[in-house]
There are 2 protein chains.
Amino acid sequence: MAEHIEALQRLAEQFARLPGIGKKSAMRLAFSILELSDEEAENFANTIIEAKEKVHLCPVCQSLTDKDVCSVCNDISRDRSTIMVLEDTKAVSSLEKVREYRGLYHVLHGVISPMNGVTPDKLKIRELLSRIASDEVKEIIIATNPTVEGEATAMYLSKLLKPFDIKITRLAYGIPVGSDLEYADEVTLYRAIEGRRSI
Amino acid sequence: MAEHIEALQRLAEQFARLPGIGKKSAMRLAFSILELSDEEAENFANTIIEAKEKVHLCPVCQSLTDKDVCSVCNDISRDRSTIMVLEDTKAVSSLEKVREYRGLYHVLHGVISPMNGVTPDKLKIRELLSRIASDEVKEIIIATNPTVEGEATAMYLSKLLKPFDIKITRLAYGIPVGSDLEYADEVTLYRAIEGRRSI
């Protein structure tokens, strides 16, 4: 009968549009909203509106922020000579957790994928070039994902950046720490052997 | 850095409060909200408010509805002599999909669980008794879940309903259709043997 409760059904449909939420989960989430107090539900709704209103792209690195300039670009202690190029803001989030990297970021908002209509001009590449034009940048770390499209984008960028006199690097490939060789795929193992180091 | 985008962080916290949504999924969902258009996000927020405002308990069977009386209780073609007692409205939803049952429902909104402070008076038992007081009811099917608490609640109800001159039944136990005996637990197998039928 949940299917006949239109207001609940509409809410479930909204949840089902989000990535990774199937029909059953969507209905479960819709039910759980009804279990919130009126105040909590209103809070939830307002937080959605607020996030949409406040969060925008950082004019420098193009990652998401609710400040004028994002907290990384705004941090004077960060090394301004290095820019790590990422596919999306989620990757910035993952890298910041490592706390090892002290340079800046640049978010492309996607990878080149002609099949899906994503041509280079759809990505934040122009913005990257204009940052490089400032003489501070010494190294660009291309950290797009190790997928076919991520690789193609890395290749495209490395060619594009060649004329500039800067170091262009790519994250290391290899077996993930804590994993088991038994489960590593052949390409990863090949790259791990290829990139082996003396200890 | 998503952690430093307060508006996004607050949205992720809202999602993380919903059942079955971990921290990572919550952040992923929060990001996905930002990818909606302004209009879509507003729609989502309004749907939450609307569901909370419109959906309430059916005054007859206590299941959720956005009408005065729910669509089952309001359907004159349903058999008013049988009431199936369920733990929650989600169970009503599952049973309505079967399309086999043509009686009415009664939703308890929980099971007796003294450990969690759920005593019989916290459930919609009084409302059930007042329905039975009407002379139409001939059978009560107690369909609480086959868990320890569901069983205890079924026992409690069957004792409580004994003085009324009505048939009290419980859903059949057995091996689920399409399952493999190899994976059935012992209690289920025992119940399946106990409840065996001649063919």
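Please refer to the structure higher up on the page.
First, a word on scope: everything that follows refers to the structure included in this document. (Residues numbered from 1 in each chain as written. Chains lettered and ligands numbered in written order. Predicted model: local features only at pLDDT ≥ 70, side-chain atom pairs only at ≥ 80, totals over all residues. Heavy atoms only, no water.)

1. Focus: the sheet that holds strand β5 (residues 139–142) of chain B
Residues and elements named next belong to chain B. If you walk across this open sheet you meet the four strands as β4-β3-β5-β6, and the pairing is parallel. With one partner strand each, in any of the chains shown, β4 (104–107) and β6 (167–170) form the two edges of the open sheet. Averaged over all pairs of adjacent strands, the angle between strand axes in this sheet comes to 25 degrees, irrespective of strand direction. Inspection of the sheet shows strand β3 (residues 82–86) paired to β4 by four bridges, in the parallel sense. Residue Ile83 lies in a different strand from β4, and its bridge partner there is Leu104. Lying over the sheet, helix α4 (residues 89–98) contacts β3 and β4, oriented at roughly 155 degrees with respect to β4. The strands touched by helix α6 (residues 148–161) within the sheet are β3, β5 and β6, with β6 carrying the most contacts at an inclination of about 170 degrees. (Pairing = 2+ DSSP bridges. Helix = DSSP H or I, 4+ residues; strand = E, 2+ residues; numbered from the N terminus. Axes fitted to C-alpha atoms, helices over the stretch in contact; angles between N-to-C directions. Contact = heavy atoms within 4.5 Å.)

2. So, the interface of chain B and chain A
Taken together, the 54 residues of chain B in the interface contact 54 residues of chain A. Between chain B and chain A, the buried area comes to about 4,900 Å², and carbon and sulfur atoms account for 69% of it. In this structure, the connection of chain B to chain A is made through six salt bridges. Here Glu40(B) ties to Arg17(A) by a salt bridge, and the two come within 2.6 Å at their closest N and O atoms. Summed over the shared surface of chain B and chain A, the result is 14 residue pairs in polar contact (both at pLDDT 80 or more). The dominant element in the side of chain B that touches chain A, judged by the number of residues it contributes, is helix α3 (residues 38–54) of chain B, at 14 residues. Across the side of chain B that touches chain A, the residue classes tally to 26 nonpolar, twelve polar and 16 charged. (Buried area = accessible area lost by both parts, 1.4 Å probe. Salt bridge = Lys/Arg side-chain N within 4 Å of Asp/Glu carboxyl O. Polar contact = N/O pair within 3.5 Å; in protein donor to acceptor, adjacent residues only side chain to side chain. Nonpolar A, V, L, I, M, F, W, Y, C, P; charged D, E, K, R; others polar.)

3. Side note on the relation of the copies chain B and chain A
In screw terms, the move from chain B to chain A is a rotation of 180 degrees and a rise of 0.0 Å along the axis, fitting with an RMSD of 0.1 Å. The relationship between the two copies is best expressed as a two-fold rotation axis. In terms of C-alpha distance to the rotation axis, chain B has Ala45(B) as its closest residue, with the C-alpha 2.1 Å off the axis. A symmetric contact is evident, with 100% of the interface residues of chain B recurring at the interface of chain A. (Least-squares fit on C-alpha atoms with pLDDT ≥ 70 in both.)

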